[in-house]
Amino acid sequence: MNTIQTEWLVIGILDLVLSVSLIGAIFLAPKYLLFGLYVPEPDRNLPEVRRIRGRHQGAMVIAWVLGLVAGAAIGMWKGDGFSGGKPEIALWVALIVQIGGLIPIWRSGRLQALRLKRDRNWSAEKPSKIVIDLLFRQRQRLVGNGWFLLHLAIVAAGATSAALHWDVIPDPVPTHFGLNGEADAYSPKGFGAVFSLNIVQLGIIVLFLIINASIRAARQKLNPDRPEESRENQLRFRRVNSIFLYAISLFVVVLMGLGQSITLYGWPSKHLSPAMLGLPALLIIAVFGFVWYVSKQGLDETGGSSHVQEDEAWRGGGLFYYNKADPALMVEKRYGVGWTINFAHPLGIAIFAGILLVPIAIVILVTVFAS
Amino acid sequence: MWMEIDLQSEVPIYTQLVDQLIEGIAAGHLKPGDPLPSVRSLAADLGINLHTVNKAYQILKQDGFLQVHRKQGVVVQPGGMPGIDDAFRAKLARGLRTLAAEAAVRGMTEAEFAEQSAAVYRQLRMKGEDAR
């Protein structure tokens, strides 16, 4: 297999994984939501509801398959068995067809769901009581911030080693590797080229510290009918979540340390590049495995508080939670695993900006240092 | 310690909070010096307004059951609970008066009324003994 063929393969798999996870997310969406609108229990199996859901799910699958076909068609255009052409362009075409198809389909589904909501007067049921454990936060056993010192030690080791072996580092430094494992871009040896990965590592540590803190702050949501069981589930879920994120962050930091060693000390990239491709794949598999484990164990109980079930609190087609009446900063998601931000909270926008700014800051810092 | 808020009750939410916290102290679930969640965190967990929680905490602070520190946050009164003063006796009499009136109208004897209140008191104290 030549380089371009490998590239076609990797990009094909990438788009396939994207398609399967998106379509999976659409099909696994809970029955109590129809295009981001809450459906009361008795109406969930209504023929109209099923029709809206079925028709749009079908259309989405068709759009995604069409995108894949379009991408593959570009590859087969020349008839040379994918040994030429431009895989990146094919990916863009596939994504434009897929995402471009998704948006109007989603909008149409949302409009029909809104009409049905109006006709049938849907609204979320109000709970009659709320039960909480006053000592919930003291009971939380998350990964402590001190454990991130291990990450810092790895970063420090990488940076110190680079400083000590300055003379061994080639000039220019290889900064980009093709899919076949050969360096295809170089930067002049300097502070930026040598230490940029350490800066990225530090940014990742900050990001995961923020995420860990947000798990700690997320509101408890207990089922009033069986508070003890649901408290144990939530405490376990938070702990598992925190440990999983810790492991992921450690994995990424180590991966980048490895990347730094390959570029600086000429470690055999030929043998390591399959690993560099395989390890991120492992990461994706780990995330899927985690979500599967959590849902199988029933740790993340679906259905949130009455605040979260209000359609009006979800903006941008159900993507962003904005509820002035809800004092919580981190709230349970309407469906799916984990928590989301309440943008109506004074700190909501700040936290979101923080999460968004960390990667942007990394990119800016790296470019500034590299130049 | 569990807290349960009845959203359909006629009793205001801040009163429910006050009552349950005092009961928690009486039953020994909350001990002197124990930290309580911040106003923000308790409001978030219950999904109710910040002012409601603040009002409950302020009432308990004024009566001397809680201390609100700038740094340590809210804690159960560590230096001895407030004693029995005239104000409390008056409040107790007011509360009992309503209940006694209804008991009398319904035909309950004085002995039974006294026995009932003693039983409730004993039950709370017993829970406290267990917790200790």
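Residues numbered from 1 in each chain as written. Chains lettered and ligands numbered in written order. Predicted model: local features only at pLDDT ≥ 70, side-chain atom pairs only at ≥ 80, totals over all residues. Heavy atoms only, no water.

Undergrad: For this particular structure, what's the right way to read the overall build of chain B?
TA: When its secondary structure is counted, chain B shows 5 helices and 4 strands. Listed by position from the N terminus, the elements making up chain B come as β-α-β-α-α-β-β-α-α. Structurally, chain B occupies a C-alpha span of about 50 × 35 × 30 Å along its principal axes. Expressed as a percentage of its 132 residues, the buried residues of chain B come to 26%. Of the contacts formed within chain B by residues at least 6 apart in sequence, a portion of 47% connects residues at least 24 apart. Of the roughly 8700 Å² that chain B leaves accessible, carbon and sulfur atoms contribute 55%. Computed over 15 positive and 16 negative side-chain charges, the separation of the two mean positions in chain B equals 9 Å. (Helix = DSSP H or I, 4+ residues; strand = E, 2+ residues; numbered from the N terminus. Buried < 20%, exposed > 50% of the residue type's maximum accessible area, 1.4 Å probe, protein only. Contact = heavy atoms within 4.5 Å. Areas by Shrake-Rupley, 256 points an atom, 1.4 Å probe, with all protein chains shown as cover. Lys, Arg positive; Asp, Glu negative; His and termini not counted. Charge placed at Lys NZ, Arg CZ, Asp CG, Glu CD.)

Undergrad: Before we go on, may I ask you to explain the packing of aromatic side chains in this structure?
TA: Pairs of aromatic rings are described using the distance from one ring centre to the other and the angle between the two planes. Enumeration over the complete set of coordinates arrives at 12 aromatic pairs over all chains. For the pair phenylalanine 148 of chain A and tyrosine 246 of chain A, a centre-to-centre distance of 5.3 Å together with 85 degrees between the ring planes defines the contact as edge-to-face. With phenylalanine 148 of chain A in the loop between helix H4 (136-139) and helix H5 (149-164) and tyrosine 246 of chain A in helix H7 (residues 227-265), this pair connects stretches of sequence that are 98 residues apart. Residue phenylalanine 148 of chain A shares its accessibility class with tyrosine 246 of chain A, and that shared class is buried. For the pair phenylalanine 244 of chain A and phenylalanine 290 of chain A, a centre-to-centre distance of 4.2 Å together with 5 degrees between the ring planes defines the contact as stacked. Taken as a pair, phenylalanine 244 of chain A in helix H7 and phenylalanine 290 of chain A in helix H8 (residues 269-296) lie far apart in primary sequence, 46 residues in all. With respect to class, phenylalanine 244 of chain A is no different from phenylalanine 290 of chain A; both count as buried. Taken together, Trp147, Phe148 and Tyr246 of chain A form an aromatic cluster joined through their ring pairs. Positioned over the ring face of tyrosine 14 of chain B is lysine 55 of chain B, at 4.1 Å from the centre of the ring. (Phe/Tyr/Trp six-rings, centres within 6.5 Å; stacked < 30°, edge-to-face > 60°. Lys NZ or Arg CZ within 6 Å of the ring centre and 35° of its normal.)

Undergrad: Would you take a moment to explain the nonpolar core for this structure?
TA: Note on soluble globular proteins: their nonpolar side chains tend to be buried together. In terms of nonpolar packing, the biggest core is built from 29 residues, with Ile204, Phe237, Phe290, Met330 and Trp339 of chain A touching the most fellow members. Counting residues per element, this core draws most heavily on H7 of chain A, at 8 residues. With near-sequence residues (within four places) excluded, methionine 330 of chain A lies in contact with Ser214, Ala218, Arg219, Trp339, Thr340 and Ile341 of chain A. Within the second largest apolar cluster, 23 residues are counted, among which are Leu36, Val53, Ala56 and Tyr57 of chain B. (Core = buried A, V, L, I, M, F, W, Y, C linked by side-chain atoms within 4.5 Å.)

Undergrad: I tried to follow the pattern of salt bridges on my own but got confused; where do I start?
TA: Where charged atoms from two side chains of opposite charge come close, those side chains can pair. Per the counting criterion, the structure on display carries 14 salt bridges over all chains. The shortest N-O distance in the salt bridge between arginine 139 of chain A and aspartate 133 of chain A comes to 2.6 Å. According to the relative accessible area criterion, aspartate 133 of chain A is buried, its value standing at 0%. Salt-bridge contacts for arginine 122 of chain B lead to glutamate 115 of chain B; the nearest nitrogen and oxygen are separated by 3.2 Å. We classify glutamate 115 of chain B as partly exposed; its relative accessible area is 43%. (Salt bridge = Lys/Arg side-chain N within 4 Å of Asp/Glu carboxyl O.)

Undergrad: Would you mind going over the sheet that holds strand S2 (residues 35-36) of chain B with me for this structure?
TA: Strands pair in a sheet through their backbones, by hydrogen bonds, and they do so in one of two ways: parallel or antiparallel. Residue and element names in this part refer to chain B. Taken in spatial order, the 3 strands of this open sheet run S2-S4-S3, and their pairing is antiparallel. This sheet does not close on itself; its edge strands, each paired only once, are S2 and strand S3 (66-69). Bridge analysis of S2 against strand S4 (residues 73-76) gives 2 bridges, and the strand direction is antiparallel. The residue of S4 that forms the bridge with leucine 36 is valine 74. Contacts between helix H3 (residues 50-63) and the sheet are confined to S2, S3 and S4, with S3 contributing the most and set at about 115 degrees to the helix. (Pairing = 2+ DSSP bridges. Axes fitted to C-alpha atoms, helices over the stretch in contact; angles between N-to-C directions.)

Undergrad: How should I be thinking about the interface of chain A and chain B in this particular structure?
TA: Think of interface size as the accessible area that goes away when the parts come together; that is how it is often given. Taken together, the 22 residues of chain A in the interface contact 23 residues of chain B. The junction of chain A with chain B conceals about 2000 Å² of combined surface from both sides, 57% of it contributed by carbon and sulfur atoms. Among the residues chain A hides against chain B, the three largest losses belong to Ile130, Ile132 and Leu134 of chain A. Together they make up 37% of the total. For the pair chain A and chain B, the number of links is 2 salt bridges. Across the pair lysine 129 of chain A and glutamate 4 of chain B runs a salt bridge, and its minimum N-O distance is 3.4 Å. The interface formed by chain A and chain B includes 12 residue pairs in polar contact (both at pLDDT 80 or more). Considering each element in turn, the side of chain A that touches chain B owes the most residues, 5 residues, to strand S3 (residues 129-133) of chain A. Of the residues assigned to the side of chain A that touches chain B, the class counts are 10 nonpolar, 5 polar and 7 charged. With 5 bridges joining them, S3 of chain A and strand S1 (residues 2-6) of chain B adopt antiparallel strand pairing. Counted as the bridge partner of isoleucine 130 of chain A is isoleucine 5 of chain B from S1 of chain B. (Buried area = accessible area lost by both parts, 1.4 Å probe. Polar contact = N/O pair within 3.5 Å; in protein donor to acceptor, adjacent residues only side chain to side chain. Nonpolar A, V, L, I, M, F, W, Y, C, P; charged D, E, K, R; others polar.)

Undergrad: Would you explain the environment of tyrosine 246 of chain A in this entry?
TA: Residue and element names in this part refer to chain A. The exposure class assigned to tyrosine 246 is buried, which follows from its relative accessible area of 11%. The contacts of tyrosine 246, once residues within four sequence positions are left out, are Val143, Trp147, Phe148, Leu150 and His151. Polar side-chain contacts of tyrosine 246 include one of 2.8 Å to the backbone oxygen of tryptophan 147.

Undergrad: In this structure, what is going on with the side chain of histidine 56 of chain A? I would like to understand it.
TA: Inspection of the secondary structure assignment puts histidine 56 of chain A in helix H2 (residues 47-76). Among residues more than four places away in sequence, those in contact with histidine 56 of chain A are Phe35, Ile105, Ser108, Gly109 and Gln112 of chain A.

Undergrad: Would you mind going over helix H1 (residues 13-26) of chain B with me for this structure?
TA: All names here are of chain B. The end-to-end C-alpha distance of H1 is 20 Å, a good match for the 20 Å that 14 residues give at a rise of 1.5 Å each. Inspection of H1 places Gln16, Leu17, Val18, Leu21, Gly24 and Ile25 among the buried residues, and these make up the whole buried set. In the core, the buried residues of H1 are packed alongside S1, S2, helix H2 (39-46), H3 and S4. Where H1 ends, the next residue or the one after it, glycine 28, has phi of about 80 degrees, a positive value. (Expected span 1.5 Å × (residues − 1).)

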